[in-house]
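Take a look at the letters that make up each chain.
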Amino acid sequence: MAIVFNCPHCQTNYRLKDEFGGKTATCKNPNCRKVIPVPKPTGAVLAAGPVDIDALAAAAFSDDQLNAIKAAEEMIQVTCAGCDHVWSVEASKEGKNVLCPECRKPNRVPMRKKVEKADWRSGGGGPSLAKRETGLDREGAFGNVAATGISEGTAREIVKERQAEEEPEEKRKRRIKWFVRTMAVIAVLGVAIYFIAKQRRESVADAKMIDAVDELTKGPNKTADARLTCLIHRAHAEYLIRTSESTKEANDAVNMLTKARTDATNAPKIASAELAGLMAEVANTIPYFVGTPEQVDKGSRPKQDKIVTELRHAVDTISNDPELAGEVVRSITRKLAADKSPSVVEDAVRQHPELIAQIGIELLRVDRERFKGEAEAILKRLGPVETTPALTLRVALGKPMTAKKDGEPPPTPPIAASAEGEAIKGNVVGAKTARNINKPEDKAKSLANVGQSLIDANSTEAIPLLLDAAKLLKGEVKGSVSPWVSIRVCRLLAKGGQPDEAESLAASLPNEELKAWARLEILRGRLSQTKGKADDAWVEAVGDPVKVAAAGVAREEIARHNARAGFGGDYQSLVKKWTPGTVRPFGVAGIVLGGLDRQDK
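**Q** Please clarify how the overall build of the protein should be interpreted in this entry.
**A** When its secondary structure is counted, the protein shows 25 helices and 8 strands. Taken over 601 residues, the protein has a buried fraction of 40%. Residue pairs at least 24 apart in sequence account for 55% of intrachain contacts in the protein once pairs closer than 6 positions are excluded. For the protein, the exposed surface amounts to about 33100 Å²; the carbon and sulfur share of it is 53%.

**Q** Would you take a moment to explain the packing of aromatic side chains for this structure?
**A** To describe a pair of aromatic rings, one takes the distance between the centres and the angle between the planes. In total, this model carries 1 aromatic pair according to the counting rule given. Ring geometry for Tyr571 versus Trp578: centroids 6.0 Å apart, planes at 90°, classification edge-to-face.

**Q** Hey, could you run me through the pattern of salt bridges in this one?
**A** It is possible for side chains bearing opposite charge to pair when their charged atoms get close. Using the criterion set out here, one finds 37 salt bridges in the structure. Of the charged contacts, one joins Lys399 and Glu376 as a salt bridge, the two residues approaching to 3.9 Å between their closest N and O atoms. Pair noted here: Lys399 is in the loop between helix H14 (388-397) and helix H15 (415-424) and Glu376 is in helix H13 (residues 372-382), with a separation of 23 residues, a long-range link. Overall, Glu376 belongs to the partly exposed group, its relative accessible area being 28%. One continuous salt-bridge network, built from bridges that share partners, spans Glu281, Glu323, Glu327, Arg330, Arg488, Arg491, Glu521, Arg524 and Glu557.

**Q** Would you explain H14 in this entry?
**A** Residues three or four positions apart in an α-helix share a direction because the helix packs 3.6 residues into each turn. Burial analysis of H14 places 9 of its 10 residues in the buried class, which makes it a mostly covered element. What H14 keeps buried is the set Pro389, Ala390, Leu391, Thr392, Leu393, Arg394, Val395, Ala396 and Leu397. Two residues or fewer past H14, Gly398 is found with a positive phi of approximately 70°.

**Q** Hey, could you run me through unusual backbone geometry in this one?
**A** Positive phi values are uncommon outside glycine, yet Asp84 reaches one of about 65°. For Asp84, the position within the fold is in the loop between strand S5 (75-79) and strand S6 (86-90). Classification of Asp84 as exposed rests on a relative accessible area of 58%. Unusually for a residue other than glycine, Arg104 sits at a positive phi of about 65°. Residue placement: Arg104 occurs in the loop between strand S7 (97-99) and strand S8 (106-108).

**Q** For this particular structure, what's the right way to read the environment of Ile356?
**A** Assignment of secondary structure puts Ile356 in helix H12 (residues 353-366). Each C-alpha atom, one on Ile356 and one on Val329, is 8.5 Å from the other, the two residues being 27 residues apart in sequence. Every residue in contact with Ile356, bar those within four places of it in the chain, is listed here: Glu346, Val349, Arg350, Ile378 and Leu382.

**Q** Honestly, the nonpolar core in this entry has me stumped. Any pointers?
**A** The nonpolar side chains of a soluble globular protein tend to be buried, and buried together. In this structure, Leu278, Phe289, Val349, Leu393, Leu473 and Trp517 are the most contacted members of the largest nonpolar core, which totals 130 residues. The dominant element in this core, judged by the number of residues it contributes, is helix H5 (residues 226-242), at 10 residues. Once residues lying within four places of it in the same chain are set aside, the contact partners of Phe289 are Ala237, Ile241, Ala253, Val254, Leu257, Arg301, Pro302 and Ile307. Judged by nonpolar contacts, the second largest core, of 10 residues, contains Ile3, Cys7, Cys27 and Ile36.

**Q** Explain the side chain of Glu274 to me, please; I cannot follow it from the model alone.
**A** Positionally, Glu274 belongs in helix H7 (residues 272-283). Excluding anything up to four places from it in sequence, Glu274 contacts Arg227, Glu513, Trp517, Lys547, Val548 and Ala549.

**Q** Can you walk me through the pairing of strand S2 (residues 13-17) in this structure?
**A** In the case of a regular strand, side chains alternate between the two sheet surfaces. Every second residue of S2 is oriented toward a common face, the buried set being Tyr14 and Leu16 and the non-buried set Asn13, Arg15 and Lys17. Pairing between strand S1 (residues 2-6) and S2: 5 bridges, direction antiparallel. The residue of S2 that forms the bridge with Ile3 is Leu16. Counting the residues between successive antiparallel strands, the hairpin from S1 to S2 contains 6 residues, one of them, Gln11, with a positive phi of roughly 70°.

**Q** Please explain the confidence of the model for the protein as it appears in this structure.
**A** Interpretation of the predicted coordinates at a detailed level should be avoided for regions scoring low in pLDDT. Confidence in the prediction for the protein averages 84 pLDDT; 83% of positions are at 70 or higher. Below a pLDDT of 50 lies the segment residues 44-51, which in the model reaches 3 contacts outside its immediate sequence neighbourhood of four places, other chains included. Predicted confidence for residues 135-148 stays below pLDDT 50, and this span has 19 contacts to residues more than four positions away or in other chains.

**Q** Looking at this structure, I do not really get the packing of helix H19 (residues 483-495) against helix H20 (residues 499-507). What am I missing?
**A** A packed helix pair is summarised by two numbers, namely the angle formed by the two axes and the spacing between the axes. Between H19 and H20, the least distance of the axes is 8 Å, while the angle of their chain directions is 165°. As the angle between them shows, H19 and H20 are arranged roughly antiparallel. Viewed along their axes, H19 and H20 form a crossing whose handedness is left-handed. Together, Ser486, Val489, Cys490, Leu493 and Ala494 of H19 and Pro499, Glu501, Ala502, Leu505 and Ala506 of H20 make up the contact between the two elements. Looking at the contact of H19 with H20, its residues break down into 8 nonpolar, 1 polar and 1 charged.

**Q** Would you mind showing me how to read helix H9 (residues 304-318) here?
**A** Between its first and last C-alpha atoms H9 spans 22 Å; for 15 residues at 1.5 Å apiece the expected length is 21 Å, and the two agree. The complete set of buried residues in H9 reads Ile307, Val308, Glu310, Leu311, Ala314, Val315 and Ile318. Angular distribution of buried residues about the axis of H9 spans 170°; they occupy a single face of the element. Where H9 is buried, its residues touch helix H6 (247-265), H7, helix H10 (322-337), helix H11 (343-348) and H12.

Cut-offs applied
- Residues numbered from 1 in each chain as written.
- Predicted model: local features only at pLDDT ≥ 70, side-chain atom pairs only at ≥ 80, totals over all residues.
- Heavy atoms only, no water.
- Helix = DSSP H or I, 4+ residues; strand = E, 2+ residues; numbered from the N terminus.
- Buried < 20%, exposed > 50% of the residue type's maximum accessible area, 1.4 Å probe, protein only.
- Contact = heavy atoms within 4.5 Å.
- Areas by Shrake-Rupley, 256 points an atom, 1.4 Å probe, with all protein chains shown as cover.
- Phe/Tyr/Trp six-rings, centres within 6.5 Å; stacked < 30°, edge-to-face > 60°.
- Salt bridge = Lys/Arg side-chain N within 4 Å of Asp/Glu carboxyl O.
- Core = buried A, V, L, I, M, F, W, Y, C linked by side-chain atoms within 4.5 Å.
- Pairing = 2+ DSSP bridges.
- pLDDT = per-residue confidence, 0-100.
- Axes fitted to C-alpha atoms, helices over the stretch in contact; angles between N-to-C directions.
- Parallel < 35°, antiparallel > 145°, perpendicular 65-115°, else oblique.
- Left-handed = near helix turned anticlockwise from the far one by under 90°.
- Nonpolar A, V, L, I, M, F, W, Y, C, P; charged D, E, K, R; others polar.
- Expected span 1.5 Å × (residues − 1).
- Arc of directions from axis to C-beta.

Here it is as structure tokens:
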């Protein structure tokens, strides 16, 4: 009798002979093709007459029955490496990749094991009393048969075999994971090394700066000269604020800058020219204290009111000389214009309207298109003020003066304002009208202004105008114009490649203090045009630091330049030979600050 049943998966009907009972087969439905068990026959098998042995044999080995047996037997079981799902596939797919029906992960179909008759001669068995190998006595295995481990060499071979069986996609993913992990480790190590090195550099720099300060304020080489302590405390304040990372450190920096200012202002015997120069140096440190909103929130930079207060004190000390005060305001504005807010300067000089206009002028000198809006806002806040700086700002912005009466044309600005305004716009012909000014004092100052406006963009045209100014300052108007006009022209001439003319102008100043400040500006002008190592001989002309404060600043400036240019290591050996208690501390401070400049490049 026959076995009749349905596929449990797709209900396809089957009718097979009893001989196939208890075996498995693959469903013939192409949409199913799942492995199904063939049920065993039930009930007694009744003989229905004589059995034809030949007929039964022929039927058992007919094509249909052989194909069914072959299909039932030739299936390979696969276990998913990703989700452990077990299923069977046709033997024809052995060694190939198939997708898991559950998780869709590729899996290799294992190869079928060929069963051969045991033959002890070919390794398939052996005589009954032959020694049995455990596998642990082979090369690469442990000698103790009770051991369960394998050697490193054997493990490597197993790993290689498994890797060889991996699909390209699996290899790619494994390599990506390895690469990402390696890069993460390298990044962590790199960050750690960076911060360790940074901390070490900062520790060394801290020690050097403290040594420089202590050399002038403590120990056997300390000085009672308030000029030198003012300058070394200024350098220390700059270092503290540039390395500040907390509110306490920022406050320490502010306190150090205050100390620098009070060192000079409270000293009874400092000449007026020296005090003015010292206050200008202190004020020019202020831009380092102005931080981004993020730095202020973090506390690594002080709030604006503290900065404004300190700047106001410094400017008030020199406000009796509008030329020097204007130069300080222009210098600070230029430094703050790059990436910070110049509003700090305006808040500090609000009581000096003529200086507020200088802020707008300098912003236009830096970048006329970028800062046009800020300059117009400053002009609007100035209102109807008609000082020369305010009128210069009007000309530079193309904002004519307001007519006095309806129907009348607006008044013409004075030549000094017109010439400087045209120079800011890049109009060289208009700038040269400064030569037409009748009053020599006004003419000298106007030529200095237009020369400064042209020097960066067109030094070829600026130098003749500056030489005209120097000629007037040395001769016709000598002593009747603020010496800080001459000092400014000295810097501009040196910047334009005329150090000898600048030195001639510096020598015409009335006292050694002013001459020293002028020669310091000559040094700064030359350094601004020097990319390599600066010549040490340049500082000798500035003077003796025991006699003039500018000489100490000159040593700081040249050491700072050489450290910034990458010669700090070599320059340290030279600085160590400088005179202790006078110039050596400024050389050390210059190297430290130059190192910070180099990091900020």
